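Chain by chain, the residues:
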Amino acid sequence: MSNAVVLKAGLVPLTTLSFSAADIDSIQQELATKKAEAPALFQNLPCVLDLSDAAQMLDVNALHTLCRDAGMLPVGVRNASEIQRQQASELGLADLGKGNARQAVKTSENTATETPQRSVKVHTGNVRSGQQLYTDGDLIILGMVSNGAEVLATGDIHIFGALRGRALAGVKGDEQAVIACQQFDAELVSVAGQYRLFEAAPEDHQKAVVISLAEGNLNITSV
Amino acid sequence: MAKIIVVTSGKGGVGKTTTSAAFSAALAMKGHKTVVIDFDVGLRNLDLVMGCERRVVYDFVNVVQGEASLKQALIKDKRLDNLFVLPASQTRDKDALKPEGVEKVLNDLRAEFDYIVCDSPAGIEHGAQMALYFAEEAVIVTNPEVSSVRDSDRIIGILQSKSRLAEEGKSVKEHLLLTRYNPERVERGEMLSVQDVEDILAIPLLGVIPESEAVLKASNQGVPVVHDDASDAGQAYDDAVSRYLGEDRPHRFLEKQKKGFLKRVFGG
Ligand SMILES: Nc1ncnc2c1ncn2[C@@H]1O[C@H](COP(=O)(O)OP(=O)(O)OP(=O)(O)O)[C@@H](O)[C@H]1O
Ligand SMILES: [Mg+2]
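Not measured: the values here are computed from a predicted model.

The rules behind these values
- Residues numbered from 1 in each chain as written.
- Chains lettered and ligands numbered in written order.
- Predicted model: local features only at pLDDT ≥ 70, side-chain atom pairs only at ≥ 80, totals over all residues.
- Heavy atoms only, no water.
- Pairing = 2+ DSSP bridges.
- Helix = DSSP H or I, 4+ residues; strand = E, 2+ residues; numbered from the N terminus.
- Contact = heavy atoms within 4.5 Å.
- Axes fitted to C-alpha atoms, helices over the stretch in contact; angles between N-to-C directions.
- Near = heavy atom within 4 Å.
- Polar contact = N/O pair within 3.5 Å; in protein donor to acceptor, adjacent residues only side chain to side chain.
- Areas by Shrake-Rupley, 256 points an atom, 1.4 Å probe, with all protein chains shown as cover.
- Nonpolar A, V, L, I, M, F, W, Y, C, P; charged D, E, K, R; others polar.
- UniProt positions renumbered as here; feature names shortened; annotations may be inferred.
- Parallel < 35°, antiparallel > 145°, perpendicular 65-115°, else oblique.
- Left-handed = near helix turned anticlockwise from the far one by under 90°.
- Buried < 20%, exposed > 50% of the residue type's maximum accessible area, 1.4 Å probe, protein only.
- Disulfide = S-S within 2.5 Å.

(A) Structural detail: the sheet that holds strand S2 (residues 46-50) of chain A. All names here are of chain A. Here four strands make up an open sheet; going across it, the order is S1-S2-S3-S4 and the pairing parallel. Each having just a single partner strand, strand S1 (15-18) and strand S4 (94-95) make up the two edges of the open sheet. By the bridge criterion, two bridges tie strand S3 (residues 73-78) to S4 in an arrangement that is parallel. Looking at S4, one finds that Gly 76 is bridged to Ala 94. Packed onto the sheet, helix H3 (residues 60-69) meets S1, S2 and S3 and runs at close to 145° relative to S3.

(B) Layout of the site of ligand 1. All names here are of chain B. Surrounding ligand 1, one finds 16 residues, the nearest of these being Lys 16, Thr 17, Thr 18, Arg 180 and Ser 212. Take Val 14: an N or O atom from its main chain is 3.2 Å from an oxygen atom of ligand 1. In the environment of ligand 1, a nitrogen atom lies 3.0 Å from a nitrogen or oxygen atom belonging to the backbone of Pro 210. Protein contacts shield 81% of the accessible area of ligand 1, which totals 630 Å² for the unbound molecule. Taken together, the elements giving at least two residues each to the shell around ligand 1 come down to helix H1 (16-29), strand S8 (205-210) and helix H11 (213-221). The dominant element in the shell around ligand 1, judged by the number of residues it contributes, is H1, at three residues. Classifying every residue of the shell around ligand 1 by side-chain character gives five nonpolar, seven polar and four charged.

(C) Spatial organisation of the sheet that holds strand S13 (residues 194-197) of chain A. All names here are of chain A. Strand order in the open sheet formed by five strands is S6-S8-S10-S12-S13, with mixed pairing between adjacent strands. Only two strands of the sheet have a single neighbouring strand rather than two, namely strand S6 (132-135) and S13. Recorded for the sheet is a direction-independent mean angle of 5° between the axes of neighbouring strands. Note that strand S12 (residues 188-191) and S13 share four bridges and pair antiparallel. Looking at the pairing, Ser 190 lines up with Tyr 195 of S13.

(D) Fine view of the UniProt feature "domain: CobQ/CobB/MinD/ParA nucleotide binding" (unreviewed entry) in chain B. In the numbering used here, UniProt assigns the feature "domain: CobQ/CobB/MinD/ParA nucleotide binding" (unreviewed entry) to residues 5-225 of chain B. Between the C-alpha atoms that bound residues 5-225 of chain B there is a distance of 19 Å. The span itself is 42% helix and 19% strand.

(E) Molecular detail of the packing of helix H7 (residues 146-162) of chain B against helix H10 (residues 194-201) of chain B. Residues and elements named next belong to chain B. Contact geometry for H7 and H10: axes closest at 10 Å, N-to-C directions at 30°. By the angle class used here, H7 and H10 are roughly parallel. As for how H7 packs across H10, the hand of that crossing is right-handed. Together, Val 149, Ser 152, Asp 153 and Ile 156 of H7 and Val 197, Ile 200 and Leu 201 of H10 make up the contact between the two elements. Within the contact of H7 with H10, the residues separate by chemical class into five nonpolar, one polar and one charged.

(F) Summary view of unusual backbone geometry. Non-glycine residue Ala 192 of chain A carries a positive phi angle of around 50°. Mapping Ala 192 of chain A onto the fold places it in the loop between S12 and S13. Exposure remark for Ala 192 of chain A: the relative accessible area of 21% places this residue in the partly exposed category. Positive phi, close to 65°, is recorded for Phe 253 of chain B, a residue that is not glycine. The exposure class of Phe 253 of chain B is partly exposed, given its relative accessible area of 21%.

(G) The state of the cysteines, seen in detail. According to the stated counting rule, one finds zero disulfides over all chains in the structure shown. We note that Cys 52 of chain B lacks a disulfide partner, and the nearest cysteine sulfur, in Cys 118 of chain B, lies 16 Å from it.

(H) Representation of the pairing of strand S2 (residues 34-38) of chain B in the model. Residues and elements named next belong to chain B. The buried fraction of S2 is high, at five of five residues. Relative to strand S4 (residues 83-86), S2 runs parallel, the two being bridged by four bridges. Looking across to S4, one finds that Thr 34 is bridged to Leu 83. Pairing of S2 with strand S5 (residues 115-119), which is carried by five bridges, proceeds in the parallel orientation. Of the residues in S5, the one forming a bridge with Val 35 is Ile 116.

(I) Focus on the packing of H1 of chain B against helix H12 (residues 232-244) of chain B. Residue and element names in this part refer to chain B. Relative to each other, H1 and H12 sit at 60°, their axes nearing to 9 Å. Considered as vectors, H1 and H12 are oriented oblique to each other. For the pair H1 and H12, the crossing hand works out as right-handed. Across the interface between the two elements, Thr 18, Thr 19, Ala 22, Phe 23, Ala 26 and Leu 27 of H1 pack against Tyr 237, Val 241 and Tyr 244 of H12. Broken down by class, the residue content of the contact of H1 with H12 amounts to seven nonpolar, two polar and no charged.

Below, the structure written as structure tokens:
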């Protein structure tokens, strides 16, 4: 018997791009800004294009080119119209059917999950306004994250100081990722793409909190 | 060997030039041979505050570009024998300063002086980066308001990543100088308190300079405010420099001024 090929069901985290504008130009601009904020994040980022709502009329060819130019690797489409399905198949993109990203994850919960190896990066010192820190894996910050600073990790983020800027954990789709900080006063937090902006001081202002994703909602728990 | 100190802030108009003038004058008064350099090329200001604007012949850019010698460009202070000013050019732009040229001038000055104080232009671009690149210590001038504190945070980040010491894996020693502090407005919640600013920036506090009319008067007369030793701002700068030199002085001017007897009786 040969086992040159083994088929394994697996759960691989994927970033979903959804679009709220129906014109390519504004999407392109938005992507460019997002990329400027976190260039490392976009590099070879596998992603799924969600074509629901506003995106129903979009040309998949154009979207595909846009994403490739931004450094991303589109692997499939979701909620595509008939024409879009046709275009996707010509581009070699998988049709991932209907439904939102979360439901799709749920239906595959009982399949085997591969746990990727995670590295941990420890940053000693403060992350100041205008600075950005990105790591593939978990990120531990021995210091604070200032207003106007941004920290991103594909895994967890632990901040042994105040979080006053932006923290994005699980940026490649890991819904188990958490953010923990000693003093919570963030501008924005995000886990696996679910984000929350704080225009005014959050309820657990100044407290130590843990932020996690449950049922697609961001939970902020003081500890 | 001189120590190189940059006076920087990110945000404009917060008191860098006022501080550079007062700081260098105070260092000189305390017996240290000091030179203060105006890095704000194109906007020449320091020479006015130092009261030597009519004696500028050659400037920093001339020296950096080899068009004049240091000896020709350095202006000796009228009041203090061991204080010198290296003025900026009003006619060039900031890109005229190249790192190699600046480094050479600083090296030449190092042998002669105890302290080199660099008055940085506002912003975070080339001019500001030139002023801080060779610094060993930094006085971060901050006003008690959100935008100024944010910009200071930004400039601290740049000091920690783009200065020469940072590139060598070392760090620039940081000092927080809170200026234009107005205790009444802090009490009314219109301005951040010392504590707020210390919390946000998390660097050691060197001093607090009160908002003071003496500053405007001093710069109009071209006399660094430390010479006005009866004034609150003059005393606060003197305290800050003494602390910088290792003396232990309590912080003053943090509380609202109590009304004096006459004011209480006659109102005011
Ligand atoms: N403690 C103070 N009390 C009152 N006024 C002050 C004080 N410090 C500075 N000022 C005033 O604020 C203004 C700006 O000061 P200064 O020129 O020192 O700032 P700067 O940071 O060097 O500005 P720039 O970014 O333009 O170089 C001046 O008019 C000055 O007199
Ligand atoms: Mg100035």
